[in-house]
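Each chain, letter by letter, is given below.
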Amino acid sequence: MGAGSKTEATVKARAELALNDEFLRKAVRFTTERLRNGKKKASEEHGNWDEWRERGKQIRLHTIAHLDYYLNLFVNNARANGVHVHFANTGEEAVKLTLDIAEHANAKSVVKSKSMVTEELHLNHALESIGVEAVETDLGEYIIQLAGEMPSHIVIPAIHKNRYQIAELLSKEAGYTLPPDTTALAGFVRKKLREKFLEADIGMTGCNFAIAETGSMVLFENEGNARMVSTVPKTQITLMGMERIIPSWEDLEVMATLLPRSATGQKLTMYMSGITGPRRSEDADGPDEMHIIIVDNGRSLQLGDPEFQELLNCIRCGACLNACPVYRHIGGHAYGSTYSGPIGAVLTPSLNKNIAEWDDIANASSLCGACYEACPVKIPLHDMLVYLRRRKVESGNGNKLESIGMQGFATVMGNSSRLGGMLRLGKLGQKLVVRSGVIKTKLGPLKGWNTYRVTPSLPKESFRDRWDTLDQELKQGLKQMEPSMQQRMEELVKKRELEQKEGKGGHGHG
């Protein structure tokens, strides 16, 4: 099972729907702006933020480079703690292992803490298929479960909904009308979930980080539900992406600093739980039986790939989504998979290794680099998006018209005479469509751009046309300089002219 099931529509078609949903755009823009501002404030208050980012990057680079060693160390220590550790090469294997454990425990119900891996595997549907009720206990996940939707954000799954929509969903579940008041809505969910915690046969969690040196797993959360999930039921199952390892508790200090500040602007998450094995005889609570399923599902395909191995450094903070101008306009569902935003645009095709099926998702980016600047471990997602686009073309899935257009562009830009001729032709041709200094027509290649903005017209006099005049002004200015400065500038001008004569300065004045 892949990293998400793609709908029939393209990213462009789904983006069109999102752009025409005024409420969704406002809700996503408002929340991402709040998260982005929170991260900015928290990182500035912390100080030396880039040094911590670099430290986080080095920890992740080192761990992934020695992933086999740290995985073996973690597994040996976890098994010594009494944990049943399983490996799943594919999503199907992970689902089967989970269902086998549920059947062995005669489970009728499962309570879950927030886990992107279980969303990736569509595990709720699989559990329901064998008659096991799966209930999300994170408030955002619970809301989208009732709505029958995928998460719209890695950290805030219901980012696209407001309290009125949530009240409508919860009222259907309650059987009576609930007011659109956050306190009342949270109170209803708290009461409902408390019953589910006490009834559940299995608690299921994800894993933010796994500590190799002790075989422990660490959960970050703000609601406290993960602690209930991991202590009340008799059996616990943790689904963990194979890359979630870090070497030591000392390294966790760095991650515990970077992740909450990057995700929500918090200095620390409300709850950070370290779990080292099932309940011991002296423990007051905890599961009698604990299972950890380590999931590959396409992750190992990135190992040894110089262009995509750093993808495994991701700590799932969602900061790249909050910074991305594309995500802020179209939300998460437009990406068509479990993971959205810049990380999703790279992760989904990388896990699936299917450029043909997901060949449009890398286009959902402006390549502005905001995702890299926001990433707490400096993953060059903007470069990876370019690599994906290149692989799409190399695999024969490129757009033929686009290819012809780029060849034409290279032909024109490679010769100053051709470029000058095209600019003169463009000035004449634009007279048919220019109105009040701008082009608003939605014909041909201008349709997508001009649907939401306008194209400026070509100026009456281009920079190239003005160059001779500017060059004369520059030389005149040299004569008015101090002798030492004048000599230096004359040397630079002579050097430039010499390079142009030798063919190093390009064609013409371009």
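Everything numeric in this text was worked out from a predicted model, so none of it was measured.

Enquirer: Would you take a moment to explain the overall build of the chain for this structure?
Expert: Looking only at helices and strands, one finds 22 helices and 13 strands in the chain. Taken across its 510 residues, the chain has 46% of its residues classed as buried. Intrachain contacts of the chain at a sequence separation of at least 6 include 73% that bridge at least 24 residues. If you sum the accessible surface of the chain, you get close to 25700 Å²; carbon and sulfur atoms cover 54% of it. Charge separation in the chain, taken as the distance between the mean sites of 65 positive and 63 negative side-chain charges, equals 8 Å.

Enquirer: Would you explain the packing of aromatic side chains in this entry?
Expert: Inspection of the entire model under this criterion finds five aromatic pairs. With a centroid separation of 5.9 Å and an interplanar angle of 50°, the aromatic rings of F463 and W467 are classed as tilted. With F463 and W467 both in helix α21 (residues 463–479), this residue pair falls four residues apart, about one helical turn. Here F463 falls in the exposed class, since its relative accessible area comes to 54%. It is R53 that lies over the ring of Y372; its NZ or CZ is 5.8 Å from the centre. Note that R453 overlies the ring of W449, its terminal NZ or CZ placed 4.4 Å from the centroid.

Enquirer: Explanation requested: the packing of helix α18 (residues 400–413) against helix α19 (residues 416–429) in the structure shown.
Expert: Each pair of packed helices can be described by the angle between their axes along with the distance between the axes. Closest axis-to-axis distance for the α18/α19 pair is 6 Å, and the angle between their directions is 110°. Between α18 and α19, the angle falls in the class roughly perpendicular. Only R418, L419 and M422 of α19 make contact with α18, whose side of the interface consists of T411, V412 and M413. Across the contact of α18 with α19, the residue classes tally to four nonpolar, one polar and one charged.

Enquirer: Please explain helix α2 (residues 22–46) as it appears in this structure.
Expert: Two residues of an α-helix separated by three or four positions point the same way, owing to the 3.6 residues in each turn. Its 25 residues place the ends of α2 36 Å apart at the C-alpha level, agreeing with the 36 Å of an ideal helix rising 1.5 Å per residue. Of the surrounding secondary structure, the elements contacted by the buried residues of α2 are α1 (11–19), α3 (49–65), α12 (249–263), α13 (319–323), α14 (325–330) and α16 (370–374). G47 lies just past α2 and shows a positive phi near 80°.

Enquirer: Whenever I open this one, the nonpolar core confuses me. Can you help?
Expert: The nonpolar side chains of a soluble globular protein tend to be buried, and buried together. Judged by nonpolar contacts, the single largest core of 57 residues is most densely connected at F209, I330, Y335, I343, V346 and L381. Broken down by element, the residue count for this core peaks at seven residues, all from α12. Excluding residues within four positions of it along the chain, I330 makes contact with A15, A18, L19, L24 and Y335. Judged by nonpolar contacts, the second largest core, of 23 residues, contains L67, F74, V85 and A210.

Enquirer: Is there a simple way to think about the domain arrangement of the chain in this case?
Expert: When the parts of a complex come together, some accessible area is lost, and that lost area is often taken as the interface size. As far as domains go, the chain holds domain 1 (48–299) and domain 2 (470–502). The distance between the C-alpha centroids of domain 1 and domain 2 comes to 66 Å.

Enquirer: Hey, could you run me through the packing of helix α15 (residues 341–352) against helix α17 (residues 381–394) in this one?
Expert: Orientation of α15 relative to α17, taken along the N-to-C sense of each, is 45°, at an axis distance of 10 Å. One finds that α15 runs oblique with respect to α17. Taken as a pair, α15 and α17 cross one another with a handedness that is left-handed. Contacts between α15 and α17 involve P342, I343, A345, V346 and P349 from the first element and L381, M384, L385 and L388 from the second.

Enquirer: Is there a simple way to think about a nonpolar patch on the surface in this case?
Expert: Side chains of L198, M228 and V232 sit close together on the surface and give an oily, nonpolar patch of about 270 Å² of accessible area. Assignment of secondary structure puts L198 in helix α10 (residues 182–199).

Enquirer: Before we go on, may I ask you to explain the side chain of K378 in this structure?
Expert: Considering the arrangement of structural elements, one finds K378 in the loop between α16 and α17. We classify K378 as buried; its relative accessible area is 13%. A polar side-chain atom of K378 sits 3.0 Å from a polar atom in the side chain of E54. What K378 contacts, discounting residues up to four positions off in sequence, is D50, R53, E54, K57, E310 and Y372.

Enquirer: Got a minute to help me understand the pairing of strand β6 (residues 216–221) in this structure?
Expert: On any regular strand, side chains alternate: one points to one face of the sheet, the next to the other face. Within β6, six of the six residues are buried, which leaves the element mostly enclosed by the surrounding structure. On β6, burial covers both faces: S216, V218 and F220 on one face and M217, L219 and E221 on the other are all buried. Across three bridges, strand β5 (residues 209–211) lies against β6 in antiparallel orientation. Directly across from A210, in β6, lies its bridge partner M217. The turn joining β5 and β6, which pair antiparallel and follow one another in sequence, is formed by four residues; a positive phi near 70° is taken by G215.

Enquirer: Sorry, what's going on with the pattern of salt bridges here?
Expert: Pairs may arise between side chains of opposite charge once their charged atoms sit close together. All told, the structure shown has 22 salt bridges when counted by the stated rule. Between K40 and E44 there is a salt bridge; the shortest N-O distance is 2.8 Å. Of this pair, K40 and E44 both sit in helix α2, four residues apart, which is roughly one turn of the helix. Among the residues examined, E44 registers a relative accessible area of 52% and is labelled exposed. E243 is paired through a salt bridge with R316; the nearest N and O atoms lie 3.4 Å apart. Of this pair, E243 sits in the loop between β7 (235–241) and β8 (245–246) while R316 sits in the loop between β10 (289–295) and α13; the two residues are 73 residues apart in sequence, bridging distant segments of the chain. The same class applies to E243 and to R316, which are both buried. A single network of salt bridges, built from pairs that share partners, joins E120, E243, R244, R299 and R316.

Enquirer: Would you take a moment to explain the side chain of T98 for this structure?
Expert: For T98, the position within the fold is in helix α5 (residues 91–104). With a relative accessible area of 0%, T98 lands in the buried category. Those residues in contact with T98, other than ones at most four positions away along the chain, are L123, L127, M204, I237, L239 and I293.

Enquirer: What's the story with the sheet that holds strand β13 (residues 455–456) in this structure? I'm lost.
Expert: In a beta sheet, neighbouring strands are held together by backbone hydrogen bonds and run either parallel or antiparallel to one another. Read across the open sheet, the three strands follow the order β11-β12-β13; overall the sheet is antiparallel. Looking at the sheet topology across the chains shown, the edges are occupied by β11 (434–435) and β13. Pairing between β11 and strand β12 (residues 438–439): two bridges, direction antiparallel. Its bridge partner being in β12, V434 is matched across the sheet by I439.

Analysis parameters
Residues numbered from 1 in each chain as written. Predicted model: local features only at pLDDT ≥ 70, side-chain atom pairs only at ≥ 80, totals over all residues. Heavy atoms only, no water. Helix = DSSP H or I, 4+ residues; strand = E, 2+ residues; numbered from the N terminus. Buried < 20%, exposed > 50% of the residue type's maximum accessible area, 1.4 Å probe, protein only. Contact = heavy atoms within 4.5 Å. Areas by Shrake-Rupley, 256 points an atom, 1.4 Å probe, with all protein chains shown as cover. Lys, Arg positive; Asp, Glu negative; His and termini not counted. Charge placed at Lys NZ, Arg CZ, Asp CG, Glu CD. Phe/Tyr/Trp six-rings, centres within 6.5 Å; stacked < 30°, edge-to-face > 60°. Lys NZ or Arg CZ within 6 Å of the ring centre and 35° of its normal. Axes fitted to C-alpha atoms, helices over the stretch in contact; angles between N-to-C directions. Parallel < 35°, antiparallel > 145°, perpendicular 65-115°, else oblique. Nonpolar A, V, L, I, M, F, W, Y, C, P; charged D, E, K, R; others polar. Expected span 1.5 Å × (residues − 1). Core = buried A, V, L, I, M, F, W, Y, C linked by side-chain atoms within 4.5 Å. Domains from an automatic or database assignment. Left-handed = near helix turned anticlockwise from the far one by under 90°. Patch = residues over 30% accessible without salt bridge, like charges linked within 9 Å, V, L, I, M, F, W, Y side chains within 5 Å. Salt bridge = Lys/Arg side-chain N within 4 Å of Asp/Glu carboxyl O. Polar contact = N/O pair within 3.5 Å; in protein donor to acceptor, adjacent residues only side chain to side chain. Pairing = 2+ DSSP bridges.

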